[in-house]
Amino acid sequence: MMSAPLAETLPQPLSPLDETGLATLFTRARTANSFADTPVSDEELRSIWELTRWAPTETNSQPLRVLYLRTPEGRARVLKHLAESNRPKSASAPVIAVLAADTRFHEHLPELLPYRPEAREIFEAATEKRASVADYNSALQAGYFILAVRALGLAAGPMKGFHAAGLDAEFFPDGRLRSTLVVNLGHPSERPWFQRLPRLEHEQVITWA
């Protein structure tokens, strides 16, 4: 079994974000519940992936797939599979992204993991392991996707309130992709936020050993 090749050059020194950057991604970032009519360009949507694709994933598997819907017809096809309380949020968004896990991500491993040529065949035979890797790592990439949206000056409204089987039958009928998250995208409306809910404090989640 071959190990990962060493990099020929060292990465650039890491630099912390300034307060504006931290606020954009974390401390002042919010889930948008309504959106302005401002369009989102093709370039902005491509840029989201240009950032998301650098997320770390197991065996460099990169199982996340993204479906963008911008036309009235396309967005209507999504709305009917959403929980009723979520439909107004998505109806106001200029773009709806359906994030999905590719259950056959391993077909790309000869390109993505060239020093492990046996990886494709290993995952082909390991159905349960493949599903676990697809689910976990696409969720990890989804987190990066939301951060990428924020970093580009857009608002994200991620939602789990949808009928996954119906959404998959609508857009992924061959069964290869499984929808995992719906994310509304755009520029926030005048009053897009709910009141911020509390977060757990350091002492409630961190232990030391």
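Source: prediction; values computed, not measured.

> What should I look at first to understand the overall build of the protein in this one?
For the protein, the helix and strand inventory stands at nine helices and four strands. Going residue by residue from the N terminus, the α and β elements of the protein occur as α-α-β-α-α-β-α-α-α-β-α-β-α. Expressed along its principal axes, the backbone C-alpha trace of the protein runs to roughly 55 × 45 × 40 Å. Across the 209 residues that make up the protein, the buried fraction comes to 37%. Long-range pairs, those at least 24 residues apart, make up 81% of the contacts in the protein with a sequence separation of at least 6. Approximately 13,100 Å² of the protein is accessible, and the part contributed by carbon and sulfur atoms is 58%. Of the charged side chains in the protein, 23 are positive and 25 negative; the average position of the first set lies 5 Å away from that of the second.

> Sorry, what's going on with the sheet that holds strand S4 (residues 177-186) here?
Strands pair in a sheet through their backbones, by hydrogen bonds, and they do so in one of two ways: parallel or antiparallel. What the four strands build is an open sheet, ordered S1-S2-S4-S3; its pairing is antiparallel. Edge positions in the sheet fall to strand S1 (64-69) and strand S3 (155-159), since each has one partner strand and no second. Each neighbouring strand pair of the sheet contributes to a mean axis angle of 30°, computed without reference to strand direction. Where S3 and S4 come together, five bridges link them in antiparallel fashion. What sits directly across from Ala 155, in S4, is Gly 186. Packing against the sheet, helix H2 (residues 42-52) makes contact with S1, strand S2 (95-102) and S4, and its axis sits at approximately 165° to S1.

> Quick question: what am I supposed to make of the pairing of S4 here?
Each regular strand carries side chains that alternate between the two faces of the sheet. With nine of its 10 residues buried, S4 lies for the most part within the structure. Pairing geometry for S2 and S4, over eight bridges, is antiparallel. Each residue of the ladder has a partner; that of Ala 101, found in S4, is Arg 178.

> Even after reading the chapter, I still don't get the pattern of salt bridges, so can you show me in this structure?
For side chains of opposite charge, pairing can occur when their charged atoms come near one another. Throughout the structure, instances matching the rule amount to 12 salt bridges. In this structure, Asp 102 and Arg 176 form a salt bridge, with 2.8 Å as the shortest nitrogen-oxygen distance. Here the residue Asp 102 occupies a position in strand S2, and Arg 176 occupies one in the loop between helix H8 (164-171) and S4, the gap between them amounting to 74 residues. Note on Asp 102: relative accessible area 2%, which makes it buried. Counted as one network, the salt bridges with shared partners bring together Arg 65, Asp 102, Arg 104, Glu 107, Glu 124 and Arg 176.

> How should helix H1 (residues 19-27) be read in this particular structure?
Spacing of three or four residues puts side chains on the same side of an α-helix, whose turn is 3.6 residues. Every buried residue belonging to H1 is among Gly 21, Ala 23 and Leu 25, and all of these are buried. For H1, the secondary structure elements touched by its buried residues are helix H7 (127-151). Sitting at the amino-terminal end of H1 is Asp 18, which places a side-chain oxygen 3.2 Å from the backbone nitrogen of Thr 20.

Reading the values: rules and limits
The residue count restarts for each chain, going from 1 along the sequence in the order it is written. Local features are withheld for residues below a pLDDT of 70 in this predicted model, meaning they are given only at 70 or higher, and side-chain atom pairs are given and counted only at 80 or more; totals for whole chains, interfaces and linings count all residues. Side-chain measures here rest on the full set of heavy atoms in the structure, leaving out hydrogens and waters. Helix and strand labels come from DSSP, where a helix needs a run of H or I of at least four residues and a strand needs a run of E of at least two; each type is numbered from the N terminus. Relative accessibility under 20% of the residue-type maximum defines a buried residue, over 50% an exposed one, and the middle range a partly exposed one, all with a 1.4 Å probe and only protein chains included. The contact rule is simple, with two residues in contact once any of their heavy atoms fall within 4.5 Å. Under the convention used here, a 1.4 Å probe and the Shrake-Rupley method define accessible areas, while residue burial counts only the protein chains that appear. Under the counting rule used here, the positive set is Lys and Arg, the negative set is Asp and Glu, and His together with the chain ends is not counted. Working definition for charges: the position is that of NZ of Lys, CZ of Arg, CG of Asp or CD of Glu. In this description, strands pair whenever DSSP reports at least two bridges between them. Only the contacting stretch of a helix is used when fitting its axis, a line to C-alpha atoms as for every element, and angles between N-to-C directions run 0 to 180 degrees. Salt bridges are counted wherever a side-chain nitrogen of Lys or Arg sits within 4 Å of a carboxyl oxygen of Asp or Glu. Each polar contact in these results corresponds to two N or O atoms within 3.5 Å; when the atoms are within protein, one needs to be able to donate a hydrogen and the other to accept it, and residues that are neighboring in sequence are counted only if both atoms are side-chain atoms.

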